[in-house]
Amino acid sequence: MPRLFAKGFRSLVGALVLGAAAAVSATPARAAGEAIAIPNAGFGFAGFFGTFDRGAAQRGLQVYNEVCSACHGMYQLSYRNLTEIGLSEEQVRAIAGAVTVMGELNDQGERVERPARLSDRFRRPFANEIAARAANNGAYPPDLSVITKARANGANYLHALLTGYVDPPAGFNLGEGMYYNAYFPGHQIAMPPILNPDQVQYADGTAATVDQMSRDVTTFLAWAAEPETEQRRAMGIKMILFLVVLGGLTYAVKRKVWADVKH
């Protein structure tokens, strides 16, 4: 019986360790047969012990607000969530108050615009999908709330996409209203290159190069897609350490219990 118990316990510990490791390192699967090699941008949050750079995430929020939000929404994110990237409540109130959202019904049964509150979701750039397509040559700008989870190799892909606008090679048949991108499937994309050097003015003095802005907004979007990443990884590491200690104690107890048993 003791031997059977020890074997069963080892199986349980092994399963728990594997489950904890999977929870810590969960990432989207890379698309099978992907033809375009996406370069590794070396994001610090991508590692096993990775955390989000709060400064980069705040700069990324600025890039989103000043560049991306004209076409892309973030329907799953509320303004109050921004305190998690190091902004004070006063700063978040100022960010929310700078935009207007559709409020409650008035006495005439009509919705009127009002300044956004902390509890509001991010402002929608268009009233509906039809309006969005009409304003973008038929293309529908996707919601960016979980964009890094919705694409294989999400963060690296997004960074590559934003920095991948180049002149098409000789003989390439580029469709009307389309732009050549080295990392977009088929290399034709309806979204124009939206990042240009010094397009934003960072308050911390960081140079606003295309690569820097792309890294910053990708960091912000990666956090928005999984704001619980750091807590999940910390919990997973604690679980693994606990199981290692528990396994050591169990082995010591087993040695003690069986020490007087003759083989």
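Quick caveat, the model's predicted, so the values are computed rather than measured. (Residues numbered from 1 in each chain as written. Predicted model: local features only at pLDDT ≥ 70, side-chain atom pairs only at ≥ 80, totals over all residues. Heavy atoms only, no water.)

Some remarks on the confidence of the model for the protein
Part 1 of the argument: Per-residue pLDDT for the protein has a mean of 84; in total, 86% of the residues score no lower than 70.
Part 2 of the argument: Ignoring residues within four places in sequence, the model shows residues 1-34, a span with pLDDT below 50, making 30 contacts including any to other chains. (pLDDT = per-residue confidence, 0-100. Contact = heavy atoms within 4.5 Å.)

Re the pattern of salt bridges
Part 1 of the argument: Tallied over the full model, the rule gives seven salt bridges.
Part 2 of the argument: Here Arg59 makes a salt bridge to Asp216, at a shortest N to O gap of 2.9 Å. One end of the pair, Arg59, is in helix H2 (residues 54-66); the other, Asp216, is in helix H7 (residues 210-225), and 157 residues separate them in sequence. For the pair shown, Arg59 and Asp216 are each scored as buried.
Part 3 of the argument: Measuring nitrogen to oxygen at the nearest pair gives 2.9 Å for the salt bridge that ties Glu129 to Arg133. In this pair, Glu129 and Arg133 are both assigned in helix H4 (residues 129-135), four residues apart and thus about one turn of the helix distant.
Part 4 of the argument: By relative accessible area, which is 34% here, Arg133 ends up partly exposed.
Part 5 of the argument: Look at the salt bridges and you will find they share partners, linking Arg59, Asp204 and Asp216 into a network. (Salt bridge = Lys/Arg side-chain N within 4 Å of Asp/Glu carboxyl O. Helix = DSSP H or I, 4+ residues; strand = E, 2+ residues; numbered from the N terminus. Buried < 20%, exposed > 50% of the residue type's maximum accessible area, 1.4 Å probe, protein only.)

Considering the state of the cysteines
Part 1 of the argument: Following the criterion strictly, the structure yields zero disulfides and no others.
Part 2 of the argument: The thiol sulfur of Cys68 is not disulfide-bonded, and the nearest other cysteine sulfur, from Cys71, lies at 9.0 Å.
Part 3 of the argument: Judged by relative accessible area, which is 7%, Cys68 ranks as buried. (Disulfide = S-S within 2.5 Å.)

Side note on unusual backbone geometry
Part 1 of the argument: Even without being a glycine, His187 presents a positive backbone phi close to 65°.
Part 2 of the argument: When you line up the elements, His187 lands in the loop between strand E3 (179-180) and strand E4 (188-189).
Part 3 of the argument: Although it is not a glycine, Asp198 sits at a positive phi angle of roughly 60°.
Part 4 of the argument: With respect to the helices, strands and loops of the structure, Asp198 is situated in the loop between E4 and H7.
Part 5 of the argument: Classification of Asp198 by relative accessible area gives exposed; the value is 61%.

A look at the environment of Arg59
Part 1 of the argument: Of the residues examined, Arg59 reaches a relative accessible area of 14% and is grouped as buried.
Part 2 of the argument: Here the alpha-carbon distance between Arg59 and Gln212, two residues 153 residues apart in the chain, equals 9.5 Å.
Part 3 of the argument: Setting aside residues up to four positions removed in sequence, Arg59 forms contacts with Tyr202, Asp204, Thr206, Gln212 and Asp216.

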